[in-house]
Amino acid sequence: MSSTDTLNRLAAVIESRLPAHGGNPDASYVARLLHKGPDAFLKKVGEEATEVVMAAKDAEHGGDRIKLVNEVADLWFHSMIALAHFGLSPADVVAELARREGTSGIEEKALRKAQAREANED
Ligand SMILES: N=c1c2ncn([C@@H]3O[C@H](COP(=O)(O)OP(=O)(O)OP(=O)(O)O)[C@@H](O)[C@H]3O)c2ncn1[C@@H]1O[C@H](COP(=O)(O)O)[C@@H](O)[C@H]1O
């Protein structure tokens, strides 16, 4: 079983919890967050991102590395709820990573700066 399969299955469950698909806020955590709207799930994304940073800092000082895995899982999960709300999926994120594959961040930033300079000269 691949990690992509797991992400795709979870994405399908999250999609099934959308209000438009009849997700029940009384029976499902995902449906409840989606029903509350973007402020609710984006707040969770922000909280989970902070928890990732804290767990990584703990791990840096000899803390439990598994805590970092758990916090990243929470962050991915809540980010997937945000993606679903906007009609997007992990496949869209993977496609973007694939598009970037092999392009150094340094190279990409230099290209962006050159393009911005050209645009300013126009
Ligand atoms: N992967 C997850 C998952 N990860 C975390 N959580 C829930 O996310 C919630 C928020 O995590 P926190 O650590 O912030 O806990 P908390 O303090 O209780 O949070 P809040 O009170 O602030 O909401 C917890 O209630 C966790 O149980 C998840 N809930 C569901 N899933 C997946 O989503 C599927 C659908 O879930 P339902 O929509 O609930 O059926 C499940 O079958 C799972 O595969």
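Computed from a predicted model, the values in this text were never measured in an experiment. (Residues numbered from 1 in each chain as written. Predicted model: local features only at pLDDT ≥ 70, side-chain atom pairs only at ≥ 80, totals over all residues. Heavy atoms only, no water.)

**Q** Is there a simple way to explain the nonpolar core in this structure?
**A** Most often, soluble globular proteins have nonpolar side chains that are buried together. Ranked by size, the top nonpolar core spans 13 residues in total, and within it Ile14, Val30, Leu33, Leu34, Phe41, Phe77 and Ile81 carry the most contacts. When residues of this core are traced back to their parent elements, those giving at least two are α1 (3–16), α2 (29–36), α3 (38–60) and α4 (65–85). Take this core: its biggest share by element is 5 residues, from α4. For isoleucine 81, the residues in contact, after removing those within four places along its chain, are Ile14, Val30, Leu33, Leu34 and Phe41. (Core = buried A, V, L, I, M, F, W, Y, C linked by side-chain atoms within 4.5 Å. Buried < 20%, exposed > 50% of the residue type's maximum accessible area, 1.4 Å probe, protein only. Helix = DSSP H or I, 4+ residues; strand = E, 2+ residues; numbered from the N terminus. Contact = heavy atoms within 4.5 Å.)

**Q** Sorry, what's going on with the site of the ligand here?
**A** The full set of residues close to the ligand is Leu10, Val13, Arg17, Ser28, Tyr29, Val30, Lys44, Glu48, Asp74, Phe77 and His78. The contact in question runs from an oxygen atom of the ligand to an N or O atom on the side chain of arginine 17, over 2.7 Å. Here an oxygen atom of the ligand sits 3.4 Å away from a polar atom, N or O, in the side chain of glutamate 48. Where the shell around the ligand is concerned, the elements lending two or more residues are α1, α2, α3 and α4. Looking at the shell around the ligand, the element that brings in the most residues is α4, giving 3 residues. Considered class by class, the residues forming the shell around the ligand number 5 nonpolar, 2 polar and 4 charged. (Near = heavy atom within 4 Å. Polar contact = N/O pair within 3.5 Å; in protein donor to acceptor, adjacent residues only side chain to side chain. Nonpolar A, V, L, I, M, F, W, Y, C, P; charged D, E, K, R; others polar.)

**Q** Honestly, the confidence of the model for the chain in this entry has me stumped. Any pointers?
**A** Averaged over all residues, the pLDDT of the chain equals 96, while 100% of them reach at least 70. In the model output, the complex is listed with pTM 0.92 alongside ipTM 0.92. (pLDDT = per-residue confidence, 0-100.)

**Q** Please explain the layout of surface pockets as it appears in this structure.
**A** Rolled over the atoms, a probe as big as a water molecule pinpoints where empty space is left. Of the volumes computed, that of the largest pocket is approximately 190 Å³. Looking at the largest pocket, the residues that line it are Leu7, Leu75, Trp76, Ser79, Met80, Leu83, Pro90, Val93, Val94 and Leu97. For the lining of the largest pocket, the secondary-structure elements that each account for two or more residues are α4 and α5 (90–100). Broken down by element, the residue count for the lining of the largest pocket peaks at 5 residues, all from α4. Counted by class, the lining of the largest pocket contains 9 nonpolar, 1 polar and no charged residues. (1 Å grid on protein atoms, 1.4 Å probe; cavity = no way out; pocket = protein on both sides within 12 Å on 5 of 7 lines; lining within 4 Å. Points joined across faces, edges and corners; volume = space filled by probe spheres on them.)

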